[in-house]
Amino acid sequence: MEYETNVQTGLTSVQVEAYQKKYGANVFVTEHRTWLTILQQQIFNPFSYLLVGAAVLSLALGNILNGCIIFVFVLMYVVLGFHQEYQAEKTVRMLTALIVPTVLVRRNGILVDLATSQLVPGDLIILEPGDIIPADIEFIETRDVTVNEATLTGESIPVVKQVADRGYSGTIVTTGTALGIVTAIGKNSMLGSIAHATTQGHRESIFSHEITTLGRFVLITLIIILAAFFGFSVWFRGAHIDITELALFVIALAVTIIPEALPVVVSFCLARGAREMAKKNVVVRRLSAIQDLGSIDILCVDKTGTLTENKLSCADIWGDKKDVLISASLTNSLLAQEKKEAAFSFDAAILKATQAEACTIPPYEQVHYVPFDPESKRVLALYRDNNRYLLVSRGAPDIIVERCQPGTVSAQTLQTWVQEQESRGRRVLACAHKEVAQELNVHDMAATHDFSLVGLISFDDPVKTSAKTALTRAKRLGITIKIITGDSPVVARAVAEQIDLIKPTDKILTGSSFDQLSPAEQSEAAENYRVFARFNPLQKNELIKKMQECHNIGFLGEGINDAPAMKIAHVALAVNNAVDIAKESADVILLRKSLSVIIDGVEEGRTIVANTTKYLYVSLASTFSNFYTMAFVSFFIDFLPMLPLQILLVNILSDIPLIAIATDHVAPEDLKKPQTYHMKKMIGGAVLWAIMSSFFDALFFALFLHKKPAILQTSWFMMSILTEILFFYAIRTRQFFFTAQAPSRAIATLSLMVVATTLIVPLTKLGHRLFQFARPSGHDIMLLIFIAMSYFCAVEIIKYCMRKVQ
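Treat the numbers as computed from the prediction; the structure is a model and nothing was measured.

Peer 1: I tried to follow the packing of helix H11 (residues 321–330) against helix H13 (residues 345–356) on my own but got confused; where do I start?
Peer 2: Angle between the axes and distance between the axes: these two values describe a pair of packed helices. Where H11 contacts H13, the two axes come as close as 9 Å, and the packing angle between them is 140 degrees. Comparing the axis directions of H11 and H13 gives the class oblique. In the packing of H11 onto H13, the handedness of the crossing is left-handed. Of H13, the residues touching H11 (which contributes Leu325, Ala328 and Ser329) are Ile350, Ala353 and Thr354. For the contact of H11 with H13, a count of residues per class yields 4 nonpolar, 2 polar and no charged.

Here it is in structure tokens:
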């Protein structure tokens, strides 16, 4: 397809507007859920089926009032669940909008960073290593371009691309630079047609997997126990049993063990956490990543931009200042030269120094450009000036100098200058050039020696003032910070010592030394060293694997060569200006590259895990306790210990304060260790608490068994809610209740409302008529309060003993 595109200026605004109307936006099939989809998910779920079944059964048997009230309960849960899920979906869309992918486009004669969704056929886009091609294109200019097309073909070997070759949406530029014209966008692209026919899978988080496992376990156990309970009740009571009432009781009993508010609580926690993290410049690409971030205990970072400002400036130059700056400028990316600005810090610093010194850059034609990579540790550029060719190189001093001819200055003198600069935390680059007789290909450029050394430049990158504070916070959270950098050991040490990460006597491990260690020694080194210098991507990848043997690892990356390590880390983080493939590999995107920002994210993640764990613990312990007691007691009395509607009301009222658990405060000591979900341990603990609670249930029935059925049922209703709320307040923190951090205002307010409702409703005509409550005496209420407070004191004593044992 031909487009009226001027290669020099790109499309005009008029053309863009016309093409947008014709072709639409460059987007695939959306994965966002509509409000209707969310509503359907809330209506069509096992819990709703269970309650609707109970309501239909009640109506069929003539109990219209009970049936209608159960339908009202179903409606309440559907509305509440829909509201929270819809808010969570809005949060996901908000987060997605914060990390919109962009591409460099030539329009109206200028280069602009444009959201990839705004591309139209005919647009001219500029691609560099690490870019994900945002639409199908035809290459019209290429400089040593290779593309990884594994997303389409499954073949990981990069494919060489020449002029007129095709590039496909979703594939990754691995080397070189290119200019391409967009030929197809959105669902009309190759990847778009695949996405239209299939649904992309997503990675299930640890928490989601554990919750799914818990749900299956509860469901299977529930069916078996309730079937046995129903059958045994019929056999035990015989002709004296009311089958209808028993069926409704069994269904209501089933409801008690299902943490029906769990989806609401989790959605609220994650959505609120995601919004709070976004305010702190941390954006999660999936909501469950918040919980994963709270689990890390080692954070691996590069020093540049994380511990330092990443605002390089030329500090000193060895050699003729203008010659060195001109040589360095020629190895700036062509993009930096064309835009008169740079995305890379070195290029930006060189450009600024060149402008300050009023250096005149020769108008040479660039033939080939080989960007920096961690393996070669240098940049190469070949220029043509009429019939002359000039090969320019810039990179690590040791790499550049060893490829230069012996000069008038000794290698020792150069090394002394480099070491003196690096001891100040400055990074040093060397510049060299060589005239060649003919045009060279990329392979010959890389093999060339006998350069002439032009000079050396040192760059100052100040340490962030917040780095020390962030490091202290990390230690307080039990997070070990490790630096993994490609810089020299001297520079890495200077920065690490400035932020007190290491002492002057501590050793630093280099990549070459790491390779010489045995596997066991590598594991030991990964555990003991804090700073790793001169590590290439393969060494970095192996180091992360060694750390993962005993730890949960967070890894911050931003370059194309960081992607392998990011793929295997427990939590991958990337900055918003990282290359596309790094952001694609990341679970968390940082809008501002800073150690303090990451620590904020970890703290928020641990808070969310702590609060959702509280809900699970309270919900499971309380429901197990009520389930055990009601199922057991019902065999020894000739009436139900609590009516079905009363059971449902207990569930609703006791869940109300817990729904706001995302707002609860978490004690600093509860954030000191990584927070993870251990469902088996949690269920085991909940069962033990339930057994302890059963003793107080036995005490209750010993004191109230002689009462009238309606009084016992009403008192048991009140007792269940009061003890569950008190249990929550006791175990929400490991500290003693009166010295612990106060709960959030939302939880305190809702708790008081629930307690008031619990005590008042049984005294009203509405409670008598709808729920068949009976008015308890003042003596009964005082007795209930005594049992509840005794229970609370027992929980505090057991909690204190458990804390001492731990």
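Peer 1: Help me understand the pattern of salt bridges in this model?
Peer 2: For side chains of opposite charge, pairing can occur when their charged atoms come near one another. Under the counting rule described, the total for this entry stands at 24 salt bridges. Measuring nitrogen to oxygen at the nearest pair gives 2.8 Å for the salt bridge that ties Glu435 to Arg388. Here Glu435 is found in strand E14 (residues 427–436), whereas its partner Arg388 is found in strand E13 (residues 388–395), with 47 residues between them in sequence. Judged by its relative accessible area of 37%, Arg388 falls in the partly exposed class. Put simply, Glu549 and Lys546 hold a salt bridge, and the shortest N to O gap is 3.9 Å. A network of salt bridges, in which partner residues are shared, links Lys303, Arg427 and Asp487.

Peer 1: What exactly am I supposed to notice about the sheet that holds strand E8 (residues 282–284) here?
Peer 2: For sheets, the rule is that strands pair by backbone hydrogen bonds, running either parallel or antiparallel. Within the open sheet, the 8 strands sit side by side as E8-E21-E20-E19-E9-E16-E18-E17. Their pairing is mixed. The open sheet has two edge strands, E8 and strand E17 (509–510), and neither has a second partner. Where E8 lies against strand E21 (residues 588–590), 3 bridges are found, and the strand directions are antiparallel. By the bridge assignment, Val284 is partnered in E21 with Val588. Against the sheet, helix H21 (residues 537–547) touches strand E9 (298–301), strand E16 (480–484), strand E18 (531–533) and strand E19 (553–557), its axis set at about 160 degrees to E16. Helix H24 (residues 595–633) rests against E8, E9, E16, E19, strand E20 (571–575) and E21 of the sheet, and its axis sits at about 150 degrees to E9.

Peer 1: Help me understand the sheet that holds strand E15 (residues 452–460) in this model?
Peer 2: Across the sheet, 6 strands lie side by side as E10-E15-E14-E13-E12-E11; this open sheet has antiparallel pairing. Every interior strand has two partners, whereas the edge strands, strand E10 (313–318) and strand E11 (365–370), have only one. Ignoring which end each strand starts from, the neighbouring axes of this sheet average 20 degrees apart. Bridging between E10 and E15 involves 5 bridges; their strand directions are antiparallel. Note that in E15 the partner of Asp316 across the bridge is Ser458.

Peer 1: Could you clarify how one ought to interpret a nonpolar patch on the surface in this entry?
Peer 2: Taken together, the side chains of Val52, Val56, Leu59, Ile64 and Phe71 present a nonpolar region at the surface, about 390 Å² in accessible area. Every element with two or more residues in the nonpolar patch is listed here: helix H3 (46–60) and helix H4 (64–98). Within the secondary structure, Leu59 sits in helix H3. Residue Leu59 is classed as partly exposed on the basis of its relative accessible area, which comes to 34%.

Peer 1: What's the story with the packing of aromatic side chains in this structure? I'm lost.
Peer 2: Think of a pair of aromatic rings as described by two things: how far the centres are apart, and how the planes are tilted against each other in angle. In total, this model carries 20 aromatic pairs according to the counting rule given. Relative to Tyr383, the ring of Tyr364 lies with its centre 6.3 Å away and its plane at 55 degrees, an arrangement referred to as tilted. Pair noted here: Tyr364 is in the loop between H13 and E11 and Tyr383 is in strand E12 (residues 378–385), with a separation of 19 residues, a long-range link. On the basis of relative accessibility, which here comes to 2%, the residue Tyr383 falls in the buried class.

Peer 1: Looking at this structure, how should I read unusual backbone geometry?
Peer 2: Glycine aside, the phi torsion of most residues is negative, and most peptide linkages are trans. In this model, Ala164 sits at a positive phi of 85 degrees, which is unusual for a non-glycine residue. Look at Ala358: it is not a glycine, yet its phi comes out positive at around 55 degrees.

Peer 1: Looking at this structure, how should I read helix H15 (residues 411–422)?
Peer 2: Because the α-helix completes a turn every 3.6 residues, residues three or four places apart line up on one side. Taking 1.5 Å per residue, 12 residues should reach 16 Å; H15 reaches 16 Å between its end C-alpha atoms and fits that length. Buried residues of H15: Leu414, Trp417, Val418, Gln421 and Glu422, and no others. The arc that holds every buried residue of H15, seen down its axis, measures 130 degrees, which confines them to one face. Contacts from the buried residues of H15 go to E10, helix H14 (397–401), E14, E15 and helix H18 (489–498).

Peer 1: How should I be thinking about the environment of Phe459 in this particular structure?
Peer 2: In this fold, Phe459 is placed in strand E15. When the C-alpha positions of Phe459 and Val428 are compared, they lie 6.2 Å apart, and in sequence the two are 31 residues distant. The residues touching Phe459, leaving out its near neighbours within four places in the chain, are Leu312, Ser313, Cys314, Ala315, Phe346, Ala349, Ile350, Arg426, Arg427 and Leu429.

Peer 1: For this particular structure, what's the right way to read helix H28 (residues 745–760)?
Peer 2: Between its first and last C-alpha atoms H28 spans 22 Å; for 16 residues at 1.5 Å apiece the expected length is 22 Å, and the two agree. Taken residue by residue, H28 has Ile747, Ser751, Val754 and Thr758 as its buried positions. Buried residues of H28 fall within an arc of 65 degrees about the axis and therefore sit on the same side. Those residues of H28 that are exposed and angled more than 90 degrees off the buried face are Arg745 and Leu752. On its buried side, H28 packs onto helix H25 (644–659) and helix H27 (709–731).

Peer 1: Is there a simple way to think about the pairing of E12 in this case?
Peer 2: Side chains on a regular strand alternate between the two faces of the sheet. Of all 8 residues making up E12, 6 are buried, and the element is well covered by its neighbours. As judged from the 5 bridges shared by E11 and E12, these two strands associate in the antiparallel manner. Counterpart to Glu365 in the pairing with E12 is Arg384. In terms of strand pairing, E12 meets E13 through 8 bridges, oriented antiparallel. Across the sheet, residue Tyr383 finds its bridge partner in E13, namely Leu390.

Peer 1: Help me understand the pairing of strand E4 (residues 136–148), please; the structure alone is not making it clear to me.
Peer 2: Inspection of the sheet shows E4 paired to strand E7 (residues 172–184) by 10 bridges, in the antiparallel sense. Counterpart to Arg143 in the pairing with E7 is Thr177. As paired strands, E4 and strand E6 (residues 166–167) are joined by 2 bridges and run antiparallel to one another. Counted as the bridge partner of Ile137 is Gly167 from E6.

Peer 1: Got a minute to help me understand the confidence of the model for the chain in this structure?
Peer 2: Detailed conclusions should not be drawn from predicted coordinates in areas where pLDDT is low. For the chain, mean pLDDT is 83; residues scoring 70 or higher make up 87% of the total. Under a pLDDT of 50 for its full length, residues 196–204 has, in the predicted model, 6 contacts with residues more than four places off or in other chains. Low confidence marks residues 335–343, where pLDDT is under 50. Its contacts with residues over four positions away, or in another chain, come to 24 contacts.

Peer 1: It is not clear to me how the packing of helix H17 (residues 467–476) against H24 should be interpreted in this structure. Could you clarify?
Peer 2: Taken N-terminus to C-terminus, the directions of H17 and H24 make an angle of 25 degrees; their axes are 8 Å apart at the nearest point. As judged from the angle between their axes, H17 and H24 are roughly parallel. Crossing of H17 against H24: the hand is left-handed. Between H17, through Ala467, Ala470, Leu471, Arg473 and Ala474, and H24, the contact on the second element is made entirely by Leu595, Ser596, Ile599, Asp600 and Glu603. Residue composition of the contact of H17 with H24, grouped by class: 6 nonpolar, 1 polar and 3 charged.

Conventions adopted
- Residues numbered from 1 in each chain as written.
- Predicted model: local features only at pLDDT ≥ 70, side-chain atom pairs only at ≥ 80, totals over all residues.
- Heavy atoms only, no water.
- Axes fitted to C-alpha atoms, helices over the stretch in contact; angles between N-to-C directions.
- Helix = DSSP H or I, 4+ residues; strand = E, 2+ residues; numbered from the N terminus.
- Parallel < 35°, antiparallel > 145°, perpendicular 65-115°, else oblique.
- Left-handed = near helix turned anticlockwise from the far one by under 90°.
- Contact = heavy atoms within 4.5 Å.
- Nonpolar A, V, L, I, M, F, W, Y, C, P; charged D, E, K, R; others polar.
- Salt bridge = Lys/Arg side-chain N within 4 Å of Asp/Glu carboxyl O.
- Buried < 20%, exposed > 50% of the residue type's maximum accessible area, 1.4 Å probe, protein only.
- Pairing = 2+ DSSP bridges.
- Patch = residues over 30% accessible without salt bridge, like charges linked within 9 Å, V, L, I, M, F, W, Y side chains within 5 Å.
- Areas by Shrake-Rupley, 256 points an atom, 1.4 Å probe, with all protein chains shown as cover.
- Phe/Tyr/Trp six-rings, centres within 6.5 Å; stacked < 30°, edge-to-face > 60°.
- Expected span 1.5 Å × (residues − 1).
- Arc of directions from axis to C-beta.
- pLDDT = per-residue confidence, 0-100.

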